[in-house]
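Geometric and topological summary
Here are the chains, one letter per residue:
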Amino acid sequence: MKGMARNPSLTVGTAIVAMLLLVAALGPLAARSDPTAINLAESLARPGIGHPFGCDALGRDVFARVMYGARLSLGVSLSVVALSLVVGSLVGAIAGLAGGWIDETIMRAVDIVLAFPGILLAIALAAILGPGIVDLIVALSAMGWTTYARLVRGELLSLRERDYVQAAHVLGASPSRVVIRHLLPAVAGPMAVQATFGVGGIVAAEAALSFLGLGAMPPTPSWGNMLDAGRAFMLVAPYLTMAPGIAIGVTILGFNLLGDGLAQLAGTRS
Amino acid sequence: MRYLLRRLGTLVPVAIGVATLTFAMIHLVPGDPVVAMLGETAAPADVAGLRHQLGLDRPIGEQYVDFLAGLMRGNLGESISYHRPVAGLIAERFPATLELTIAGLVVGVLVAFPLGIVSGANPGGPADLGAMGFAILGISIPHIYLGPLLMIVFSLDLRWFPLTGRGGLAHLVLPAVTLGTALAAVIARMLRQSLVVVRESDYMRTARSKGRGAMAALLIHGLRNAMTSVVTLVGLQAGALLTGALITEMIFSWPGIGRLLIGAIGARDYPLVEGCVLTFAFTYVVVNMATDLLYGIVDPRVRLE
Amino acid sequence: MGRGRRAVGVLMLWAAAIGCGRPAPPPSRYLQVDIETSPTATDPRFATDAVSSRINELIFDSLVKVDRNGRFVGDLAESIERPDDTHIIFHLKSGVRFSDGRELASRDVKFTYDSVRDPSSASPKRAGLEQLKSLETPDERTVVITTVRPYAPVMEMATYGIVPAGTPLPRKSIALAPPGTGAFRMTRYVRDDSVWLERNPYRPAGPEMPRGILFKIVPDPTVRALELAEGICDVAPNNIEAEVIPYLIARSDLVVNEAPGDTYQYLMFNFRNRDLSDLRVRRAIAYAIDRRAIADSFLRGTARIATGMIAPENWAYEGAVTTYDFNPAKSGQLLDEAGYRAGDDGMRDLKLIYKTTPEGGRLAEVIQAMLRRVGIRVEIRSNEWATFLSDLNSGNFDLASMRWIGINDPNHYYLVFDSRMTPPIGLNRGRYNNAAMDLLVEEGMRTIDPIRRRAIYAKVQQLAAEDLPYVSLWWLNNVTVLNREVAGFEPYPNGSLRSLASVRIVGRSGAETSQ
């Protein structure tokens, strides 16, 4: 408990993330109305009793949609971060450990993907794969993995030169052992920071992709498609964009604090 | 110098890779430049005729080889929808994109430094919370939302800035802020992190115990340490910045290469799409080479192998 | 928080110092019209989309034009004779000049039509001239059109914009439109950005009339609204959200002009889907859509419930047809009768496609929610134009939510419902195939006598409403938001912006010139 007090970021971050996960799991119970039920008579209804965040253009309850949207937005973000992280780390580790032409080839491939405008990749994937959650995760991961690959490789290269790793190597430790014992903890901090930022970036990217017709299939609510649908009514019904906007903000805040806390934790351990 | 040559050498495979990826993607996407051009009422014979005229009826492999061969000679081909050489179109529009991107970068850095310093100097304090709150807000607002929001507040309500279009400095402010905000947030956070690490270091503990000048020492050491990270980050964010420029151009009617690209995709103007994407990719690579070089200047310990 | 706030404050001050002053006004005496997309063609021999046509009408004249009541009246033609069923004689006005100073003569008309008909032109408008046998010019002022056989919609052929003889095909020239005899000439065109028109120096114009028109391409709906509110944009035709208009009017010097329109919104069935080829299923879907509720609340009353493709203003309109008032109970009953089997979860699956636009997306979601109530699960696919068109023509859909803009001659029924007019030749994308319909629309095409022709199309409209190749949704009103300084704007049912040629700008100081 003493650690808790010294690491408020971790405490608050964990609390927010736990709350978000709880909302995602139980939100449907909290929201009394069906997020996909239209009621044209209440199109763009202002916030009030019954509809704390008002209604969208089709008269759907924005509160219910934000609650349900948590499930999708968090699910997609976490899946994309996990997929990008695993793929990126593996590729980065292979490049960093193998060196030579393998490293060279992999890093050129990373350069190509990084240099390719992400939005075009998304448009193309949207048209080729079609809409849907799985395709959305694939498209976002296709853009996201490179950062992790670069990060892991960079850390590997710089750590390889450090004395204790050299020593472990000389002592006959196998490369995989070196990676697990020394390199992984060292990479964990920057990775956690990157991953938590990733969650925010992905929630925002999901909104941009909704705009292009890729993303959650209607009528499934996601914060991204809510933000996009509300954009046309920013002048008359700002609550349509504010509700998902705040949800996105809180999510990013929570994950950032969690990331900070984790980084601090990793820092004190090593 | 040798390093620079080596880096320039890697440009070629990257360019070919990007060109190939673009070619594959745009051809895999359903739709056809001729149908997009002639519209829904075109006679099939006319569609076939125009396809032949544009060389689109040849085997895809042959088109690819032709395209690469042209590229090698520095020929980007002719736009299908503009009936003009792609290179000329890009040369016309690129300065606007460059202007916007640089302005976005400037806004990002100008906003990030005060924020990062304020929060890194006293982590956990109210200023830190405020600055990081702003940073989080900056990351969480997508361009497509922030742009119109800035327009409503600063153009419609306050009448400080023009709404859209390219012109003097006043025209540049809102798009640059739209583009630079997310970058500012990312850099500010990175700065804060660096300052916090320096603050906790033994060196700083000593400096602090001596009392005076602790703040100055923190800034000098912290910022010096942070510079390399910031430079790397700018390189890493160059792609995001360019993608952001694309959307920002759409919102602010900015006559840059992003709007050219979106229009070209809609028209399935293959040569123009390829030209635009290559320009984006080339810019990205050049920015990264520049940040690598800067790296050496900022941190002399880094040797460029 | 304190210091962070201050940083923002400093940023604002800094920004204010640079911004100093109000946004630059648009070029004086230019009228700015905001549109959503670029015209695809600036040459009238190629333009088929609505945006291109709207702009082309201001630059080019044709032998005849459609007036505000949907009738063909002489434009370049001073008088028209119809000696028999296959000939029409147009007598041209004299003293008409192109914007480059040349005087219009019959050879320009002949050249225009010949260059469209030339196979090497690859013009999408060639198909519309299939029935044209010959175009003769016995003298400078006379044009004689001969059709292959009696062809009722012949006047549609006479609406092609006329270019000067010798105008090269656009693929070999620059992107600017060629000179026309209309009120304006095109002086600048930046694709996906702006189209600049300036007055034709050879056409008289009043002192208060704008010197030119700037069509600015603004894809974002909020930005269009803001441009209106700030007085940058003068005219926004049919592209401001109905809900936003009252807000704009309340705080800016704007007026709204709303008039009945003939833009027809419909839901198309794909007959290659075996379930949809059953009339009972199509009727069930028609009964499941509450069009009244959508028009009243969701469209804020800016639409009229449609009975068929052509609007009541059209001479051929027939209102006594089968209608489908919202009736979910009957819908469910019809689906059961048809034996349209549901999956294990009690739902049937259909795919609905539409061209990506914000309002298209909302409509698709409303239809999706309404069909779900009768046990049909709709998967929505939205794509931009090129992909959408490719899905339409290849039949990769069950339902398509679409619009027809500016239908004049009822021969449109032939183009969209005749069984021979399937893609890639025609527009029968649902592959509707009904021998009775084929007979009627082909007869309507050959029948010149207006009374007999009207009777034929009355039957066509009754059959279409009965057999439901389309579910008719509504005709959209034309809602134009204008700056109060713009006087004399007159709406056309087909959305034409022709009257921009004669609007006046009142109360604007013409002193500054900024561009």
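Residues numbered from 1 in each chain as written. Chains lettered and ligands numbered in written order. Predicted model: local features only at pLDDT ≥ 70, side-chain atom pairs only at ≥ 80, totals over all residues. Heavy atoms only, no water.

Moving on, we get to the overall build of chain C. Of regular secondary structure, chain C possesses 14 helices and 19 strands. In summary, chain C has a C-alpha radius of gyration of 25 Å against a globular reference of 24 Å for 515 residues, a match within 12%. With the C-alpha coordinates of chain C rotated into their principal frame, the extents come out at 85 × 70 × 40 Å. Sorting the 515 residues of chain C into buried and exposed places 59% on the buried side. Long-range contacts, defined as pairs at least 24 residues apart, comprise 70% of the intrachain contacts of chain C with a sequence gap of at least 6. Of the roughly 20300 Å² of accessible surface on chain C, 51% is carried by carbon and sulfur atoms. Mean positive and mean negative side-chain charge positions of chain C (65 and 64 charges, respectively) differ by 3 Å. (Helix = DSSP H or I, 4+ residues; strand = E, 2+ residues; numbered from the N terminus. Rg over C-alpha atoms; globule rule 2.2 N^0.38 Å. Buried < 20%, exposed > 50% of the residue type's maximum accessible area, 1.4 Å probe, protein only. Contact = heavy atoms within 4.5 Å. Areas by Shrake-Rupley, 256 points an atom, 1.4 Å probe, with all protein chains shown as cover. Lys, Arg positive; Asp, Glu negative; His and termini not counted. Charge placed at Lys NZ, Arg CZ, Asp CG, Glu CD.)

We now examine a nonpolar patch on the surface. Together, Ile128(A), Leu129(A), Ile133(A), Val134(A), Val138(A) and Leu28(B) make up an exposed nonpolar region whose accessible area comes to about 480 Å². Breaking the nonpolar patch down by element, the ones donating at least two residues are helix H5 (118-129) and helix H6 (133-160) of chain A. Among the elements that make up the nonpolar patch, the one with the highest residue count is H6(A) (3 residues). Here Ile133(A) is to be found in helix H6. (Patch = residues over 30% accessible without salt bridge, like charges linked within 9 Å, V, L, I, M, F, W, Y side chains within 5 Å. Salt bridge = Lys/Arg side-chain N within 4 Å of Asp/Glu carboxyl O.)

All right, on to the interface of chain A and chain B then. Counting residues at the interface gives 38 residues for chain A and 37 residues for chain B. Buried surface at the junction of chain A and chain B, both sides included, amounts to about 3400 Å², of which 79% is carbon and sulfur. Here chain A and chain B share 0 salt bridges between them. At the junction of chain A and chain B, the tally comes to 1 residue pair in polar contact (both at pLDDT 80 or more). When grouped by side-chain class, the residues that make up the side of chain A that touches chain B number 26 nonpolar, 5 polar and 7 charged. (Buried area = accessible area lost by both parts, 1.4 Å probe. Polar contact = N/O pair within 3.5 Å; in protein donor to acceptor, adjacent residues only side chain to side chain. Nonpolar A, V, L, I, M, F, W, Y, C, P; charged D, E, K, R; others polar.)

Now for the domain arrangement of chain C. All names here are of chain C. You can read the domains of chain C as domain 1 (3-38 + 192-253 + 484-505), domain 2 (64-157) and domain 3 (261-476). Every contact between the two is made by 8 residues of domain 1 and, on the other side, 10 residues of domain 2. Interface area, domain 1 with domain 2, both sides summed: about 750 Å², of which 54% is carbon and sulfur. Of all residues in domain 1, Tyr202, Tyr492 and Arg498 give up the largest surface area on contact with domain 2, accounting jointly for 56% of the area buried on that side. Between Arg68 and Glu490 there is a salt bridge; the shortest N-O distance is 3.5 Å. There are 1 residue pair in polar contact (both at pLDDT 80 or more) connecting domain 1 and domain 2. (Domains from an automatic or database assignment.)

Where strands meet in a sheet, backbone hydrogen bonds hold them as pairs that are either parallel or antiparallel. All names here are of chain C. Ordered by their spatial adjacency, 4 strands build an open sheet running S4-S5-S7-S6, and the pairing between neighbours is antiparallel. A strand with exactly one partner marks an edge of an open sheet, and here the two such strands are strand S4 (77-84) and strand S6 (132-139). Pairs of neighbouring strands in the sheet enclose a mean axial angle of 20°, with direction left out of account. Relative to strand S7 (residues 142-147), strand S5 (residues 87-92) is paired through 5 bridges, and the arrangement is antiparallel. In the sheet register, Ile88 faces S7, and the bridge partner there is Ile145. Each of S5, S6 and S7 is contacted by helix H3 (residues 106-117), which is oriented at about 160° to S6, the strand it contacts most. (Pairing = 2+ DSSP bridges. Axes fitted to C-alpha atoms, helices over the stretch in contact; angles between N-to-C directions.)

Contact residues are listed per partner, giving 49 residues for chain B and 51 residues for chain C. Between chain B and chain C, roughly 4600 Å² of surface is buried when both sides are summed, and carbon and sulfur atoms account for 62% of that area. Where chain B meets chain C, there are 2 salt bridges. Across the salt bridge formed by Arg251(C) and Asp157(B), the nearest N and O atoms sit 3.2 Å from each other. Across the chain B-chain C interface, the total number found is 8 residue pairs in polar contact (both at pLDDT 80 or more). Put simply, the parts of the chain that give the side of chain B that touches chain C at least two residues each are helix H2 (33-38), helix H3 (44-53), helix H5 (86-121), helix H6 (126-140), helix H7 (143-157), helix H8 (169-200), helix H10 (214-252) and helix H11 (257-266) of chain B. For the side of chain B that touches chain C, the leading source of residues is H7(B), giving 7 residues.

All names here are of chain A. Among the secondary structure elements, Ala237 is positioned in the loop between helix H9 (223-230) and helix H10 (239-269). By relative accessible area, Ala237 is classed as buried at 0%. Sequence separation between Ala237 and Ala57 is 180 residues; the distance between their C-alpha atoms is 9.4 Å.

Note that side chains of opposite charge can pair when their charged atoms are close. All names here are of chain A. By the definition in use, this model includes 42 salt bridges over all chains. Across the salt bridge formed by Glu104 and Arg108, the nearest N and O atoms sit 2.5 Å from each other. Remark: Arg108 and Glu104 occur in helix H4 (residues 100-115); sequence separation between them is 4 residues, near one turn of the helix. You can call Arg108 buried: its relative accessible area is 16%. Of the charged contacts in the structure, one is a salt bridge between Asp111 and Arg108, with a shortest N-O distance of 2.9 Å. Here the residue Asp111 and the residue Arg108 both occupy positions in helix H4, the gap between them amounting to 3 residues, near one helical turn. Taken individually, Asp111 and Arg108 each receive the classification buried, so the pair is uniform in this respect.

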